[in-house]
Amino acid sequence: IAEALMLRSTQNPSIEIDVSTSSEPLQVAITAGGIAMNAIDKRNNDKDDTSEKFTMEESQVVSGRVVGVVMRMRELEELLVG
């Protein structure tokens, strides 16, 4: 989620991380899923022995939650600010 927020703050039009009139929700979901999978892979490949690798089910749950938050990011932001 932090990486998605960082990418969103760059306001790079080639990175579709925010649902708007110029970006399709499916493309945003695909981008968010990629961000989630990269973070999971990074964690699983981390050399730190104190944390266990995610199982496939855990990876799917984390990915789904990241995608859900990214898809609702603008709505959540309005709730927090408003």
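Residues numbered from 1 in each chain as written. Predicted model: local features only at pLDDT ≥ 70, side-chain atom pairs only at ≥ 80, totals over all residues. Heavy atoms only, no water.

We now examine unusual backbone geometry. The backbone phi angle of Q11 is positive, close to 55°, even though this residue is not glycine. Here Q11 shows up in the loop between α1 (2-10) and α2 (25-44). Residue classification places Q11 among the exposed residues on the basis of a relative accessible area of 70%. (Helix = DSSP H or I, 4+ residues; strand = E, 2+ residues; numbered from the N terminus. Buried < 20%, exposed > 50% of the residue type's maximum accessible area, 1.4 Å probe, protein only.)

Summed over all chains, the structure comprises four salt bridges. R72 is the salt-bridge partner of E75, the closest N and O atoms lying 3.2 Å from each other. One salt-bridge network, held together by shared partners, links R8, D18, R74 and E77. (Salt bridge = Lys/Arg side-chain N within 4 Å of Asp/Glu carboxyl O.)

Moving on, we come to the confidence of the model for the chain. Summary statistics for the chain give a mean pLDDT of 86 and a share of 95% for residues scoring 70 or more. Considering each helix and strand of the chain separately, the mean pLDDT is smallest for α1, with a value of 86, and largest for helix α3 (residues 56-71), with 93. (pLDDT = per-residue confidence, 0-100.)

Attention now goes to α2. Compared with an ideal rise of 1.5 Å per residue, which puts 20 residues at 28 Å, α2 spans 28 Å between its outermost C-alpha atoms and is within 8% of the ideal. Taken as a whole, α2 has its buried residues at V28, T31, A32, G33, I35, A36, I40 and N44. On its buried face, α2 is in contact with α1 and α3. (Expected span 1.5 Å × (residues − 1). Contact = heavy atoms within 4.5 Å.)

Here we take up the side chain of D18. With respect to the helices and strands, D18 occurs in the loop between α1 and α2. Residue D18 is classed as buried on the basis of its relative accessible area, which comes to 15%. Separated by 3.5 Å, the side chains of D18 and R8 make a polar contact. Beyond its immediate stretch of four places on either side in the chain, D18 contacts R8, S23, V28 and R74. (Polar contact = N/O pair within 3.5 Å; in protein donor to acceptor, adjacent residues only side chain to side chain.)

Okay, the nonpolar core next. For soluble globular proteins, nonpolar side chains are generally found buried alongside one another. In this structure, A4, I17, V28, A32, I35, A36, V66, V67, V70 and M73 together form the largest nonpolar core, which totals ten residues. It is α2 that provides the largest number of residues to this core, a total of four residues. When neighbours within four sequence positions are excluded, A4 is seen to be in contact with I17, I35, V70 and M73. (Core = buried A, V, L, I, M, F, W, Y, C linked by side-chain atoms within 4.5 Å.)

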